[in-house]
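Structural characterization, general
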Amino acid sequence: MTFDMPTIYFGFILVSAVCVVLVVLLRVQNGGRFQGTGLWVLGFVLQFTGTLFLPLRVFIPSSMVIFMANILLIGGVLSIKTGIEQFCSLRSIRLFDSVLFGVFAVVVAFASFSQVDTFRFRVVLFSLVLAWFSGETAVRILVFAPRTVRQRAGTVGGALGAYSLVSGLRALLHVLAESGFDLFHVSGLEVAVIFSFAICYLVLVFALTLAVNNRLLAELASDVSIRKKTEAVIRLRLSLWEYSQDHDYKDLMRRALDEIESITQSKIGFFHFYDESKEQLALQVWSSRTLRDFCHVTGNDTMYDIERAGVWADAVRQKKPLVHNDYSSLADRKGMPEGHAPVFREAVAPVLRQGRVVAVMGLGNKEEPYSDDDMRLVSFLADTTFSFVERKQTEARIEKLNADLARQAMTDELTKLPNRRSFFRDARREFGRARRYGYPCVILMLDLDGFKAVNDQLGHDAGDRVLKRLAALLRKGVRDTDYPARLGGEEFAVLLADTGTEDALVMAERIRASVEKAARSTGRDSMRVTVSIGVAGIRAEDKHVEDMVKRADEALYAAKAAGKNRVQTAT
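In this report, the structure presented in the accompanying data block is examined. From a predicted model like this one, the values you see are computed outputs, not experimental measurements. (Residues numbered from 1 in each chain as written. Predicted model: local features only at pLDDT ≥ 70, side-chain atom pairs only at ≥ 80, totals over all residues. Heavy atoms only, no water.)

Time to look at the overall build of the chain. Within the chain, the regular secondary structure consists of 16 helices and 13 strands. Split into buried and exposed, the 571 residues of the chain put 47% on the buried side. Considering only residue pairs separated by 6 or more positions, the chain has 69% of its internal contacts joining residues 24 or more positions apart. Carbon and sulfur atoms make up 58% of the accessible area of the chain, which totals about 28,700 Å². (Helix = DSSP H or I, 4+ residues; strand = E, 2+ residues; numbered from the N terminus. Buried < 20%, exposed > 50% of the residue type's maximum accessible area, 1.4 Å probe, protein only. Contact = heavy atoms within 4.5 Å. Areas by Shrake-Rupley, 256 points an atom, 1.4 Å probe, with all protein chains shown as cover.)

Structure below.
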């Protein structure tokens, strides 16, 4: 039984036209976003054009029709195949495909224009080439492609596999067919094959549409994930900035590790400083989870030579981020400090300043392999966190410098006692407290007797030694709650807090006696001076601490006038 082939081919042409329209719409809808879709359009247009040639047999020489139809149909399949490879990011074997297509074109040309009846040969050759092009791509997608490609384009591989199977069956059908086979009067099996081609053709178009949609959804999900991660990073950066205001740099580093561990779903993390000039790592900080559950390495600035470190420190040596997603398979895994957590996967990023590695951040033991996005995130946060650390360290240095400057501004350089400015600041504060709560307080004014002679006879170095000695005796002779100071030259003062006049006189006499004793026991280059002391306690009529100082100063001059080396109470 034979069938009217023109009717069947008309239906096939209609299917081809529908496929062209669908693929063009697919290309337009995704805006050419994905590589390879333009070749799909070209391929289906070539296929449609090739099917149009077959009914033109009555108008164009048969040999030309057969040659052009075969070339256009196989060229269309090759174009679709190449587009699918580009879309799926499969390694193309274009040279082999081009050679095969060229050989096919030469053989078909010879068979079409020769006088020998080669219909069966042409059909078998056409079907086998078609089976190869579609089948080879199907196998690459379904068997050898990465899992993500199989997930997104598995239906395309299945449609190509079916296409290849039908082509192979058609080749077998014509090998077994009797001679005299006519293109326009065929058996039911040939009709079934042509019908199967049409079905596979439509299925392939829908499979391509599904693959595009799957990839769009995957990229949308990826965009959403990236956006969420970006938002998390922005929030983390703000959080770290706020956290850095009230915490030291090590707390800040641990907080950053805890957060980046959560974002990347890692289980261990570390952040170490690196001294490139000494080629040493300073083991600084581990994440909270690492210390709690895994690692017991002693940190706190422990120095660790980089030459002892294994592959985990290659990021420092090579000055670039590195990922080891199969850590256990690496040959050189040495270099973990004693007590370090076991590692089976890691991502390590160095922090560079002016081309020099200054720190390194590492994460490890994520369940899934670390991705490029993870690595970029780790690198960014490592750099950001170290910037905050640098600021904290700079602030600490500035605070220390300010404290040193303030201390110097309030300290006598020679004796290291508080200077005049410092004394009056503390004295005013203590005076106000005494007035407010009714506490007693006393001021002692001291002046060295015979100090000028020491300078004149022994030189200023000897005078400086005398002043230092007196400062030492003052520190020893007063309490921690008292305020000794050098007001200038050989003049000193002591503010005695919560002290009555009688007790102050006892202390003043003890100081005077200690200076006298030191003068008697010294040699030629040591202290040969005594001290006169004026004592003034707070009075109800005193409005300022300067009132007490004035009376103590008057008592001091009275002691000087009375013969020196004595204690005199203000009247």
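Moving on: the pattern of salt bridges. The tally for this structure, following the rule as stated, stands at 26 salt bridges. As a salt-bridge pair, Arg-255 and Glu-259 come within 3.3 Å of each other at their nearest N and O atoms. With Arg-255 and Glu-259 both in helix α8 (residues 249-264) and four residues apart, this pair spans about one turn of that helix. Where Lys-267 meets Glu-367, a salt bridge forms, and the shortest distance between an N and an O atom there is 2.8 Å. Residue Lys-267 is found in the loop between α8 and β3 (268-275), and its partner Glu-367 is found in the loop between β8 (356-364) and α11 (372-409); the two are separated by 100 residues along the sequence. Judged by relative accessible area, which is 54%, Glu-367 ranks as exposed. If you follow the salt bridges from partner to partner, you end up with Lys-81, Glu-85, Asp-97, Glu-136 and Arg-140 in one network. (Salt bridge = Lys/Arg side-chain N within 4 Å of Asp/Glu carboxyl O.)

Next up on the list: the side chain of Glu-346. Note that Glu-346 resides in strand β7 (residues 346-353). Nearest to the buried, unbridged Glu-346 among oppositely charged side chains is Arg-317, at 9.1 Å. Excluding residues that lie within four positions of it along the chain, Glu-346 makes contacts with Val-311, Trp-312, Leu-322, Val-323, His-324, Tyr-327, Leu-363, Gly-364 and Tyr-370. (Lys, Arg positive; Asp, Glu negative; His and termini not counted.)

In a beta sheet, neighbouring strands pair by backbone hydrogen bonds and run either parallel or antiparallel. What the five strands build is an open sheet, ordered β10-β11-β9-β12-β13; its pairing is mixed. Since the sheet does not close on itself, it has two edges, and those belong to β10 (483-488) and β13 (567-569), each with one partner. Neighbouring strand axes in the sheet, compared pairwise and without regard to direction, differ in orientation by 20° on average. Pairing between strand β9 (residues 441-449) and strand β12 (residues 530-537): eight bridges, direction antiparallel. Looking across to β12, one finds that Val-442 is bridged to Gly-537. Strand contacts of helix α12 (residues 420-437): β9, β10 and β11 (491-497), with the helix running at about 135° to β10, the strand carrying the most contacts. With respect to the sheet, helix α16 (residues 545-561) is in contact with β9, β11, β12 and β13, its orientation differing from that of β9 by roughly 40°. (Pairing = 2+ DSSP bridges. Axes fitted to C-alpha atoms, helices over the stretch in contact; angles between N-to-C directions.)

Attention now goes to the packing of α8 against α11. Contact pair α8 / α11: the axes reach a minimum separation of 10 Å and the direction vectors enclose 165°. Accordingly, the angle class assigned to the pair α8 and α11 is roughly antiparallel. When the axes of α8 and α11 are compared, the crossing they make is right-handed. Of the residues in α11, those touching α8 at Tyr-249, Leu-252, Met-253, Ala-256, Ile-260, Ile-263 and Thr-264 are Asp-374, Leu-377, Leu-381, Thr-385, Phe-388, Val-389, Lys-392 and Gln-393. Its residues placed into classes, the contact of α8 with α11 shows ten nonpolar, three polar and two charged. (Parallel < 35°, antiparallel > 145°, perpendicular 65-115°, else oblique. Left-handed = near helix turned anticlockwise from the far one by under 90°. Nonpolar A, V, L, I, M, F, W, Y, C, P; charged D, E, K, R; others polar.)

The grouping of Leu-165, Leu-169, Leu-172, Val-175 and Leu-176 at the surface amounts to a nonpolar patch, some 510 Å² of accessible area in total. Within the secondary structure, Val-175 is located in helix α6 (residues 147-176). (Patch = residues over 30% accessible without salt bridge, like charges linked within 9 Å, V, L, I, M, F, W, Y side chains within 5 Å.)

Residue position: Leu-257 is located in helix α8. Once the C-alpha coordinates of Leu-257 and Arg-289 are considered, the two residues, 32 residues apart in sequence, prove to be 9.5 Å apart. Beyond its immediate chain neighbours, meaning those up to four positions away, Leu-257 contacts Gly-269, Phe-270, Phe-271, Val-285, Trp-286, Ser-287, Met-361 and Gly-362.

Applying the stated criterion across every chain yields a total of nine aromatic pairs. On the numbers, 5.2 Å between centres and 55° between planes, the contact of Trp-40 with Phe-87 is tilted. Residue Trp-40 is located in helix α2 (residues 37-53), and its partner Phe-87 is located in helix α3 (residues 62-87); the two are separated by 47 residues in the primary sequence. By the burial criterion, Trp-40 is buried, and Phe-87 matches it. Seen from their ring centres, Phe-423 and Phe-424 are 5.5 Å apart, and the 85° between their planes marks the pair as edge-to-face. Each of the two residues, Phe-423 as well as Phe-424, counts as buried. Directly above the aromatic system of Phe-87 lies the positively charged group of Arg-215, at a separation of 4.9 Å from the ring centroid. (Phe/Tyr/Trp six-rings, centres within 6.5 Å; stacked < 30°, edge-to-face > 60°. Lys NZ or Arg CZ within 6 Å of the ring centre and 35° of its normal.)

Judged by nonpolar contacts, the single largest core of 53 residues is most densely connected at Phe-44, Ile-84 and Val-156. Of all the secondary-structure elements, those providing two or more residues to this core are α1 (5-29), α2, α3, α4 (94-113), α5 (119-144), α6 and α7 (188-246). Looking at this core, the element that brings in the most residues is α7, giving twelve residues. The residues touching Ile-84, leaving out its near neighbours within four places in the chain, are Trp-40, Thr-137, Ile-141, Val-156, Leu-160 and Leu-208. Grouped together as the second largest cluster of nonpolar side chains are 29 residues, Val-442, Leu-458, Leu-473 and Val-494 included. (Core = buried A, V, L, I, M, F, W, Y, C linked by side-chain atoms within 4.5 Å.)

Right, let's talk about α3 for a bit. Counted at 1.5 Å a residue, the expected span for α3 with its 26 residues is 38 Å, and the 37 Å between its end C-alpha atoms agrees. Among the 26 residues in α3, 22 count as buried, and that is most of the element. Count one or two residues on from α3 and you reach Ser-89, which has phi positive near 55°. (Expected span 1.5 Å × (residues − 1).)

Within β7, six of the eight residues are buried, leaving the element largely enclosed by the surrounding structure. Two strands pair when backbone bridges link them, and strand β6 (residues 322-324) and β7 are joined in this way by three bridges, in the antiparallel orientation. Across the sheet, residue His-324 finds its bridge partner in β7, namely Glu-346. Relative to β8, β7 is paired through eight bridges, and the arrangement is antiparallel. Note that in β8 the partner of Leu-352 across the bridge is Val-357. Hairpin geometry of β7 and β8 is characterised by an intervening segment of two residues between the two adjacent antiparallel strands and by a positive phi of about 55° at Gln-354.

This part takes up the environment of Tyr-439. Assignment of secondary structure puts Tyr-439 in the loop between α12 and β9. Taking the relative accessible area as the measure of exposure, Tyr-439 reaches 35% and is therefore partly exposed. Taking the C-alpha atoms as reference, Tyr-439 lies 8.0 Å from Thr-499; in sequence the two are 60 residues apart. The residues contacting Tyr-439, other than those within four sequence positions of it, are Arg-433, Ala-434, Asp-498 and Ile-538.

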